[in-house]
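Given next are the chains, with one letter for each unit.
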Amino acid sequence: MWRLVTAGDSGGNPYLISLNNNVGRQYWEFDPKAGTPEERARAEEFRKRFTENRHARHHSADELLRLQAADKIKAAGVRVSKDAGILEAQGPVAASQVEHQILCGSKYYAALQQHDGHWAGDYGGPQFLLPGLVIALYTAGALDRIFGPEAKAEVLRYHMNHQNEDGGFGLHIEGHSTMFGTSLGYCVMRIMGADRDDKIVAAARKWIHDRGGIQHNTSWAKFWLAVLGVYSWDGVNPLTPEMWLLPYASWTGIGLLHPGRMWCHCRMVYLPMSYVYGVRGTCKETDLVRQLREELYPVAYDGIDWNGARNLCAKEDLYYPHPLIQDVLWWFLYKCEYLLMGSSLRKKALKETLKLIHYEDDSTRYVDIGPVNKALNLLACWFEDPDSVAFKRHLARVPDYLWVAEDGMKMQGYNGSQLWDTAFSVQALVATGLGQEIGGCLKLANQYLEQTQVREDPAPPLEEFYRHISKGAWAFSTKDHGWPIADCASEALKAVFALGTLPEKLVGPPIPDDRLFDCVNVILSYQNPSGGWATYENTRSYSFVELFNPAETFSNIMIDYDYVELSSSSMTALCEFRKKYPNHRAKEIDTALARGKKFIQSIQRNDGSWYGSWGVCFTYGTWFGCEALSELGESYSTSDSARKACTFLLEKQRKDGGWGESYKSCQDRVYSQLEGLSHVVNTAWAMMSLMAVGYHKVDPLPLHAGARFLMSMQEENGDWPQQHISGVFNKNCMISYSQY
Ligand code: LAN
């Protein structure tokens, strides 16, 4: 049976390095002896149910994780007794009923906590991540070291469950079929041992052939297919590693395009890509590779016009079409390749990229910033030296990204969302006022926060590696990952303050002041001249650079932009900090908040909403907007901004009392209602927004209706169901936030 291992020791693996004994690390392990026959039967039942409903419900409910916590859940002894007909009732809900359901929810949630204090959950959703890892491992001849027969079966189960009815695979689990998802999914299935005549494989092949073959694809897919050797490097737009040798200074003009100024995720993806491209790193030609060349095209492989294929892209994938200027640039660089290949300039550029790749690996303990550069860096290290320690260290960290649920095995969008979920969980649990009942859980969570704070900057000189300071911040997942983020630092700081409202006896010792000062230092350093806050770094260039965004499926990836979410989290954290330490950097904080407030108001849309970039969508953004307004002293009765936000939300409330927003809002940038039931997560965000600015004092009834919806949705054991996917990145790709 599959078991989630949390914060285990290294199991004697000398290649696994950790700063804090692997606190927060999570991976799934297959143990044939684990579990009773009843548990295994339950797991099978969950799998069967998922498969039966796979076209209606795409999100796992993390049943295997919940099964593992079954004893703790049973011991919590929760039994929700719901009022029959609650949804149909009118007027205020009974406070005692609300309290009962909150208690049940909190106890249930506490039972899900891991022994090191964090909450674990499925952080899947995107379907273009696992293929990169699988192709990298297959190329390096290391596939079987990560994927045993049971894991391979789970990967195939995942593909069977997430294939769309038309035979294709989406960019993410809820998306329409794309060439990106289908061509790479096809390769994964075949590499994992599926037969070419398998029903699922044949349907995917038909989808591909109907669209003319895999050359009609996104640039990232072409890259991976070229690595695998089923697509020619001549059909890939240049990923010139020499870009790393450009001058950085902005006065040079060209310096504004230096990759060191890109959004860190974009930069860290194009870095190893440019190395692998620069050496044309390709898998050795196996029988499978030869078969794939024949299976993936409706025409003969040898007859393909590769130069002409560079800019082909299936219409299903085309979210951000290349502007003409980009195609001109690629054409020019394509021609330059004949001169650059093998030149001393190329050697110098490759050396530079390797230096940066090794730095990233070392400063993240080989976790790497995200799933894409994880697979790419592993591959680059293998191409550099297959016997290297670096490659072995990479292998040790691969399981950190893999998740198993009843829908199968997937690669997650990060090495988990541990810190993020723990920070919000603490704030929510403290807000219940049930400290006495769940003190033990809060104490553990406190330990997690303490052990996870980043205590040092990455190795100097930071500028040489294009890194921002980190000391005092928190990362999204674990300390070993270590990349600081403005809102992760801020929400963790708010969680620390929330814990500070409870007796130390109950929740354990607070984090010392000087460490909180370090955190505030990072938060302040993140504010941009605009007054807003971006994600991991300051904004380093201008939005015109987006003209050179080569990724057809993602928008806004080139630089780190200001966001309402990041700005709001940073400001609300600063406000709380100011209440507790009114004399620490008081002037700077006041100025930062005044500038931030202007910024937040300037990006509010005319209809009163804010566009959310990391959750679905206007309900998410508006929640952050309202939280910031509220901490800055604005409310429904005093501020136009707050009133407009409430009007917006109230217009979107639905018949069942809830809110339900579709992910289409993110792509289209227009509010889009979900079909069917409302969504508990959107409902919670909308209610918190309204209450933050005091709307309940004006008219409490819409909030009672929202509460009734939430209460009606709670399950008997205290849990809430997983509905539609609720996270997003780069406008077009969805990602799961199971704890929301
Ligand atoms: C994340 C996850 C966390 C998220 C929040 C902290 C919630 C947000 O407020 C700021 C942005 C951030 C840090 C974020 C950015 C984009 C990420 C890293 C992800 C959504 C997780 C996966 C995604 C990453 C870019 C996926 C790889 C794809 C590429 C286009 C490189």
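Residues numbered from 1 in each chain as written. Predicted model: local features only at pLDDT ≥ 70, side-chain atom pairs only at ≥ 80, totals over all residues. Heavy atoms only, no water.

Formally: UniProt positions are given in the numbering used here, feature names are shortened, and annotations may be inferred rather than shown by experiment.
Looking at an unreviewed UniProt entry, one finds the protein named Terpene cyclase/mutase family member, with Ostreobium quekettii as its source organism. Recorded under Sequence similarities (unreviewed entry), the UniProt text for the protein is reproduced unchanged: "Belongs to the terpene cyclase/mutase family."

**A closer look at the UniProt feature "domain: Squalene cyclase N-terminal" (unreviewed entry) in the protein**
Which entries qualify depends on this criterion: Strands are runs of DSSP state E lasting at least two residues, helices are runs of H or I lasting at least four, and both sets are numbered from the N terminus onward.
With numbering aligned to this structure, UniProt lists the feature "domain: Squalene cyclase N-terminal" (unreviewed entry) at residues 107–398. Overall, residues 107–398 shows 54% helix and 1% strand. The separation of its end C-alpha atoms is 33 Å.

**Re the packing of aromatic side chains**
How we decide: Think of it this way: a Phe, Tyr or Trp ring, Trp meaning its six-membered ring, pairs with another when their centres are within 6.5 Å, and the plane angle makes it stacked under 30 degrees, edge-to-face over 60, tilted otherwise. Three exposure classes are used, based on accessible area relative to the maximum for each residue type with a 1.4 Å probe and protein chains only: buried under 20%, partly exposed in between, and exposed over 50%. Look at NZ for Lys and CZ for Arg. If either is within 6 Å of the ring centre and within 35 degrees of the ring normal, a charge sits over the ring.
This structure, assessed with the given rule, holds 48 aromatic pairs. Aromatic pair Trp 244 and Tyr 466: ring centres 6.2 Å apart, planes at 50°, arrangement tilted. Taken as a pair, Trp 244 in the loop between α10 (219–228) and α11 (264–279) and Tyr 466 in the loop between α19 (435–452) and α20 (486–499) lie far apart in primary sequence, 222 residues in all. There is no split in this pair, since Trp 244 and Tyr 466 are both buried. Residues Tyr 620 and Phe 624 carry aromatic rings whose centres are separated by 4.8 Å and whose planes lie at 75° to one another, so their mutual orientation is edge-to-face. Linking Tyr 620 with Phe 624, this pair stays in helix α25 (residues 618–631), spanning four residues, or about one helical turn. When sorted by exposure, Tyr 620 lands in the same class as Phe 624, which is buried. Members of the aromatic cluster, each reached through a chain of ring pairs, are Tyr 123, Tyr 414, Trp 420, Phe 424, Phe 476, Tyr 620, Trp 623, Phe 624, Trp 685, Tyr 737 and Tyr 740. Its guanidinium or amino end placed over the ring of Tyr 277, Arg 280 lies 4.0 Å from that ring's centre, counting from NZ or CZ.

**With respect to the side chain of Asn 373**
Rule in force here: N or O atoms closer than or at 3.5 Å make up a polar contact, with two conditions inside protein: a donor-capable atom paired with an acceptor-capable one, and, for residues adjacent in sequence, both atoms drawn from side chains. Any pair of residues with heavy atoms lying within 4.5 Å of one another is described as a contacting pair.
If you trace the backbone, Asn 373 turns up in helix α16 (residues 371–384). Taking relative accessible area as the criterion, Asn 373 reaches 1% and is therefore assigned buried. A polar atom in the side chain of Asn 373 sits 3.4 Å from the backbone nitrogen of Ile 369. Reaching out from Asn 373, the side chain makes a polar contact with the backbone nitrogen of Gly 370 at a distance of 3.1 Å. If we ignore the near neighbours within four places in the chain, the residues touching Asn 373 are Met 268, Val 269, Pro 272, Glu 360, Asp 368 and Leu 378.

**A closer look at the pattern of salt bridges**
The criterion, for reference: Here a salt bridge means any side-chain nitrogen of Lys or Arg lying within 4 Å of a carboxyl oxygen belonging to Asp or Glu.
Within the structure shown, the criterion is met by 36 salt bridges. A salt bridge links Asp 719 to Arg 66, with the shortest nitrogen-to-oxygen separation between them at 2.8 Å. You can see Asp 719 sitting in the loop between α30 (701–713) and β7 (727–729) and its partner Arg 66 sitting in helix α2 (residues 63–68), a full 653 residues away along the chain. Under the relative-accessibility criterion, Asp 719 is labelled buried at 12%.

**Here we look at a nonpolar patch on the surface**
The following threshold applies: Nonpolar side chains (Val, Leu, Ile, Met, Phe, Trp, Tyr) within 5 Å and like charges within 9 Å form the patches, drawn only from residues with over 30% relative accessible area and no salt bridge. The protein chains shown are the only cover counted for residues, whose accessible areas, like all others here, come from Shrake-Rupley with a 1.4 Å probe.
The grouping of Ile 325, Tyr 542, Phe 544 and Leu 547 at the surface amounts to a nonpolar patch, some 380 Å² of accessible area in total. For Tyr 542, the position within the fold is in the loop between α22 (513–525) and α23 (564–580). Look at Tyr 542 and you get exposed, because its relative accessible area is 54%.

**Overview of the UniProt feature "domain: Squalene cyclase C-terminal" (unreviewed entry) in the protein**
UniProt records the feature "domain: Squalene cyclase C-terminal" (unreviewed entry) at residues 417–740, using the numbering of this structure. A distance of 11 Å separates the end C-alpha atoms of residues 417–740, which is 49% helix and 2% strand.

**Section: the pairing of strand β5 (residues 402–405)**
Condition: At least two bridges found by DSSP between two strands is the condition for calling them paired.
On β5, burial covers both faces: Leu 402 and Val 404 on one face and Trp 403 and Ala 405 on the other are all buried. One ladder, built from four bridges, connects β5 with strand β6 (residues 408–411); its direction is antiparallel. Bridge assignment links Leu 402 to a residue of β6, and that residue is Met 411. Taking the residues between adjacent antiparallel strands as the criterion, β5 and β6 are bridged by two residues.

**A few points about α20**
So the rule is basically this: By definition here, a helix of n residues has an expected span of 1.5 Å times n minus one.
Given a rise of 1.5 Å per residue, 14 residues ought to cover 20 Å, and the 20 Å separating the end C-alpha atoms of α20 matches this to within 8%. Counting buried residues in α20 gives 14 out of 14 residues, a clear majority hidden from the surface.

**Examining the environment of Gln 436**
Along the chain, the position of Gln 436 falls in helix α19. In this structure the C-alpha to C-alpha distance between Gln 436 and Pro 503, which are 67 residues apart in sequence, comes to 9.8 Å.

**Points about the state of the cysteines**
What counts is decided by this rule: Note that a disulfide, as used here, is simply two cysteine sulfur atoms within 2.5 Å.
Across all of its chains, the model carries zero disulfides by this definition. As a non-bridged cysteine, Cys 283 has Cys 187 as the owner of its nearest cysteine sulfur, 11 Å distant. Residue classification places Cys 283 among the buried residues on the basis of a relative accessible area of 8%. The thiol of Cys 575 is not disulfide-bonded; the next cysteine sulfur, from Cys 519, is found 14 Å away.

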